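Report on the structure
Here's the letter readout for the chains.
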Amino acid sequence: MSRTASLRVVFGIVSLDLIGFGILIPQLGVYGVKFGASPFTVGLLISVYSLMQLVAAPVLGRLSDRYGRRPVLLLSQVGSLLGYVLFALAHSLPLLFLARVIDGISGGNIATAQAVVADITRPEERARGMGVIGAAFGLGFVLGPALGGFLGAWGGNLAIGLFAAGLVAVNLVCTWFFLPESRVEGGPEGHVRTLKGAVQALRLPVVARCLVLMLLFTTAFSQMEGTFSVYLLTRFLSVGPVALEGGLFLHPVMTDTAVLREASLRAGWLFAVVGVLSALVQGGVVRRLASRS
């Protein structure tokens, strides 16, 4: 298979993966509240995925270097499939947490796809190849939240989870039949992100500054992303403020089906707008500024 064809397959795989991811994230707060979670617990529900991914990524990276990109990618997709199905069938907060833990542990799809791109491109082509991953991110975070809002309003967590699982199933088929192994026996290791690689990168001043800025931005955005649906429920879809002692107010949250569906729809469309604006800024403004520097 040619490099161009392989890059197209990688683009399709990553796009579907991120659409599934984008479907779920804005909706986690809604279903956390549905099952009795506090705003803090909703934050933990969002964070546990990234925590598990942080722990598992170095292991998946080593497995990818040892056994190949394709087996690790397939293994990650099977884990994501199980996580989404469990989310669809969840009827309690512990099951939601378990679904996110499973998906986080197996969340090596993107890192492994980046390794595939690094394997099949020459150094001078690598930036363009990684741009394929960036384009897939943009597509996923535009379509995913909008689909999640619609699916959540229509069929709740069952519809969201099963649709996302269906996307992963398509990815499994595409990976199995259309993506050849890119890892060359005896080739250089380290394409997949590892803790050692991160430490080495931090020793470079320019890279360290960029990573710190990215960390601050991601932290701020994740705080809003994870709790915005809870804010919608308490601020605009609650029964109104109840006065407490000391001048404090409480916004009791209604968790009936109609309110949860409205919160799903609003959160989904808001993040779809954020995704469109982000794509326009990155694809238009940032690219032009970068070309002038």
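Calculation notes
- Residues numbered from 1 in each chain as written.
- Predicted model: local features only at pLDDT ≥ 70, side-chain atom pairs only at ≥ 80, totals over all residues.
- Heavy atoms only, no water.
- Helix = DSSP H or I, 4+ residues; strand = E, 2+ residues; numbered from the N terminus.
- Buried < 20%, exposed > 50% of the residue type's maximum accessible area, 1.4 Å probe, protein only.
- Contact = heavy atoms within 4.5 Å.
- Areas by Shrake-Rupley, 256 points an atom, 1.4 Å probe, with all protein chains shown as cover.
- Polar contact = N/O pair within 3.5 Å; in protein donor to acceptor, adjacent residues only side chain to side chain.
- UniProt positions renumbered as here; feature names shortened; annotations may be inferred.
- Axes fitted to C-alpha atoms, helices over the stretch in contact; angles between N-to-C directions.
- Parallel < 35°, antiparallel > 145°, perpendicular 65-115°, else oblique.
- Left-handed = near helix turned anticlockwise from the far one by under 90°.
- Nonpolar A, V, L, I, M, F, W, Y, C, P; charged D, E, K, R; others polar.
- Core = buried A, V, L, I, M, F, W, Y, C linked by side-chain atoms within 4.5 Å.
- Phe/Tyr/Trp six-rings, centres within 6.5 Å; stacked < 30°, edge-to-face > 60°.
- Lys NZ or Arg CZ within 6 Å of the ring centre and 35° of its normal.

Next up on the list: the overall build of the protein chain. When you go through the protein chain residue by residue, the secondary structure sums to nine helices and two strands. Overall, the protein chain shows an N-to-C arrangement of helices and strands of α-α-α-α-α-α-α-α-β-β-α. For the protein chain, the proportion of its 293 residues judged to be buried stands at 41%. A fraction of 80% describes how many contacts in the protein chain between residues 6 or more apart in sequence connect residues 24 or more apart. On the protein chain, roughly 15,600 Å² of surface is accessible, and the fraction owed to carbon and sulfur atoms is 70%.

Moving on: the environment of Arg261. Structurally, Arg261 is set in helix α9 (residues 257-292). With 106 residues separating them along the chain, Arg261 and Gly155 place their C-alpha atoms 8.5 Å apart. Looking at Arg261, its side chain comes within polar contact range of the main-chain oxygen of Ala153, at 3.2 Å.

This part takes up the UniProt feature "transmembrane region" (unreviewed entry) in the protein chain. Listed under "transmembrane region" (unreviewed entry) in the UniProt record, and renumbered for this structure, are residues 7-28, 40-60, 72-90, 132-151, 158-179, 199-221, 228-249 and 269-290. Across residues 72-90, helical content stands at 95% and strand content at 0%; the span's end C-alpha atoms are separated by 27 Å. Between the C-alpha atoms that bound residues 158-179 there is a distance of 30 Å. The span itself is 95% helix and 0% strand.

Here we take up the packing of helix α3 (residues 69-89) against helix α6 (residues 126-178). Between two packed helices, both the angle of their axes relative to each other and the distance between the axes serve to describe the pair. At a closest axis distance of 7 Å, the pairing of α3 and α6 adopts a crossing angle of 165°. Classified by the angle their axes make, α3 and α6 are roughly antiparallel. Where α3 crosses over α6, the handedness of that crossing is left-handed. Classifying every residue of the contact of α3 with α6 by side-chain character gives 19 nonpolar, six polar and one charged.

When you line up the elements, Ile13 lands in helix α1 (residues 3-34). With residues near it in sequence (within four places) discarded, Ile13 still touches Gln77, Asn171, Cys174, Thr175 and Leu179.

Looking now at the nonpolar core. Counting 33 residues, the largest nonpolar core has Leu28, Tyr84, Phe87, Leu96 and Ile160 as the members making the most contacts within it. For this core, the leading source of residues is α1, giving nine residues. Residues contacting Ile160, with those up to four places away along its chain left out, are Ile23, Leu24, Gln27, Tyr31, Phe87, Gly148, Leu151 and Gly152. Formed by 15 residues, the second largest nonpolar core is a distinct cluster that contains Leu7, Ile13, Val14 and Leu179.

With that settled, the discussion passes to the packing of aromatic side chains. Considering all chains together, one arrives at seven aromatic pairs under this definition. With 6.2 Å between their ring centres and 20° between their planes, Phe137 and Phe141 make a pair best called stacked. Remark: Phe141 and Phe137 occur in helix α6; sequence separation between them is four residues, near one turn of the helix. A residue is classified by how much of its surface remains accessible, and Phe137, at 31% relative accessible area, is partly exposed. By relative accessible area, Phe141 is classed as partly exposed at 24%. Ring centres of Phe228 and Phe271 lie 6.1 Å apart, and the angle between their planes is 85°; on these two criteria the pair is classed as edge-to-face. Highlighted residues: Phe228 in helix α8 (residues 205-235) and Phe271 in helix α9, separated in sequence by 43 residues. Phe271 matches Phe228 in its accessibility class, with the two residues each being buried. Members of the aromatic cluster, each reached through a chain of ring pairs, are Phe21, Tyr49, Phe137 and Phe141. Positioned above the aromatic ring of Trp176 is the side chain of Arg70, whose terminal nitrogen or guanidinium carbon lies 5.2 Å from the ring centre.

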